[in-house]
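# Residue-level structure breakdown
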Amino acid sequence: MTEQPLLSLLAKLLPTPSLLTSEEALKPYECDGLSVYKGLPLAVVLPETLEQAQAIIQLCKQHHTPVIARGAGTGLAGGAMPTKDAVVLSLAKFNQILEVDADNRTATVQPGVRNLAISEAVAEHGLYYAPDPSSQIACTIGGNVAENSGGVHCLKYGLTVHNVLGLKFLTIDGELIELGGKALDDAGYDLLALLHGSEGLLGVIVEVTVKLLPKPEMAQVCMAMFDDIEKAGQAVCDVIAAGIVPAGLEMMDNLAIQAAEAYAQVGYPTDVAAIVLCEVDGTADGVREHMRKVEMVLAKAGAVETRVSRSEEQRLRFWAGRKAAFPAVGRLAPDYYCMDGTIPKARLAEVLKQIAAWSDEFGLPVANVFHAGDGNMHPLILYDANKAGELEKTEMFGKKILELCVQVGGTITGEHGVGVEKLDAMCVQFGKAELGQFFAIKDAFDDKRLLNPGKAVPTLHRCAELGRMHVHNGELPHPELDRF
């Protein structure tokens, strides 16, 4: 069928402002936070009701048209990048907090609700939602589930998957499926966890029930300064080895510190090689006891100075610089490439040393920002896309970093997902058998492969062409594996 009948049918389903088809209207949807990769979709739809969303998906399946679900567009891996034949299904108007159950410490929200808005809505009950990505002021809970987002406090409180109790999602047939609920556990296979990090390939999330936590009685942050970045990396390991479970354990190198301080003016020292931020929360007595231990461990690890927050305002100020790191670094160069990989904490120092060596080799500065406590690193490679060949050089640098993550026993992503950015890196981490299983799961939910096609899982032929995988005589474990 041609495009026109589908657009005409969509126009009958939606009010005129909720169907976007002109180039001017589609431009804001051409990419997500990874603006290197762009494309205009066939149309963007903004349904307001579940029934509208169901009808849209059903129409798209009937017309063999891909559907790309989109939240706030803050993703950093190209997971929401459209293709010319696709319909982008925006969940922006699904932005209501449906229920706050303070007694059971849960909140049920629509996918377009901002991450931070949940904590703001339940603050009067002395509760909050723990996962806190740096983009929490803008990113939405549906996108958080799709990417299994983390944040500075995920070390103690877990990723999105550890804080979601229930989901409702639409299949490619428009069927509404409910997983989990307010109970702490559910019978059968753990499909709830499977949907987390599925990047829109398995279904369209339309409702989320999250777990709420009581605000801790007290929280303090220790900021430790180091004259050597490898010492700072080792200090992170020493804190964990000491049996301390921080609420957050972050690290920034000098370039990131300078950028954050110039941008946020929070009192960071700009003449040190690195800082480590270690937060402890709990009861007042417990926090004071653990903070004394944290200071001793960091000093023994080589910190030249430590500062402990003495008020809630100062604690928030310490974190404000870290949370502002990404926009702050954006002022240092015309462009930057935000990497996302995870490594064993014990290998942090050597990985930092190798990244520094590659930075010199490629002639590209790197600002390093880490969720250091769980080994999730975010090297920010500075470049200028207007200079011929510099983007390609930057991408090559980034691929070497991801390959290094795998070599030291880590993974190619921690929280940003694969999207289109890390398809080639997936060939480094996974073999034919694993990729075949990924496609089998995809087919169980969406055998026509219409939900967010071309994302997250590379074809075996692509891996073989890259020289990353041997495909015997071109044989594939699934007859249509290369279509996806």
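Whatever comes next refers back to the structure up there.
Quantities reported herein were computed from a predicted structural model and do not represent experimental measurements.

The rules behind each value
Residues numbered from 1 in each chain as written. Predicted model: local features only at pLDDT ≥ 70, side-chain atom pairs only at ≥ 80, totals over all residues. Heavy atoms only, no water. Helix = DSSP H or I, 4+ residues; strand = E, 2+ residues; numbered from the N terminus. Expected span 1.5 Å × (residues − 1). Buried < 20%, exposed > 50% of the residue type's maximum accessible area, 1.4 Å probe, protein only. Arc of directions from axis to C-beta. Disulfide = S-S within 2.5 Å. Pairing = 2+ DSSP bridges. Axes fitted to C-alpha atoms, helices over the stretch in contact; angles between N-to-C directions. Core = buried A, V, L, I, M, F, W, Y, C linked by side-chain atoms within 4.5 Å.

## As for helix α11 (residues 312-323)
The first and last C-alpha atoms of α11 sit 16 Å apart over twelve residues, in line with the 16 Å expected at 1.5 Å per residue. For α11, the full list of buried residues reads Q314, R315, F318, W319, G321 and R322. Burial along α11 is one-sided: seen end-on, the buried residues are contained in an arc of 150°.

## Considering the state of the cysteines
Summed over all chains, the structure comprises one disulfide. Paired through a disulfide, C427 and C463 show a sulfur-sulfur distance of 2.1 Å. Note on the C427 and C463 pair: the S-S dihedral is about -75°, so by sign convention the disulfide is left-handed. Here C463 lies in helix α17 (residues 460-465) and C427 lies in helix α15 (residues 423-429), a separation of 36 residues in the sequence. Taking relative accessible area as the criterion, C427 reaches 3% and is therefore assigned buried. Here C278 is not cross-linked by a disulfide; its sulfur's nearest cysteine counterpart is in C222, at 6.8 Å.

## Observations regarding the sheet that holds strand β9 (residues 176-180)
An order of β5-β6-β10-β8-β9 is seen for the five strands of this open sheet, with the pairing classed as antiparallel. Strands with a single pairing partner mark the edges of an open sheet, and in this sheet they are β5 (97-101) and β9. When strand polarity is set aside, the average angle formed by the axes of neighbouring strands in this sheet is 10°. Strand direction decides the pairing type here: strand β8 (residues 164-170) and strand β10 (residues 204-211), joined by six bridges, are antiparallel. Pairing of L167 across the sheet is with V208, part of β10.

## Considerations on the pairing of strand β6 (residues 106-109)
Residues T106 and T108 line one face of β6 and the alternating positions A107 and V109 line the opposite face, and both faces are buried. The pairing of β5 with β6 spans four bridges and is classified as antiparallel. Residue V100 lies in a different strand from β6, and its bridge partner there is A107. Adjacent in sequence and paired antiparallel, β5 and β6 are bridged by four residues, among which R105 carries a positive phi angle near 55°.

## Considerations on the nonpolar core
Counting residues in each nonpolar core, the largest one holds 79 residues, and the members touching the most others are V208, V210, F226, M251, L298 and F397. The element contributing the most residues to this core is helix α13 (residues 348-362), with six residues. Counting 26 residues, the second largest nonpolar core, distinct from the first, contains I257, L277, F326 and A333.

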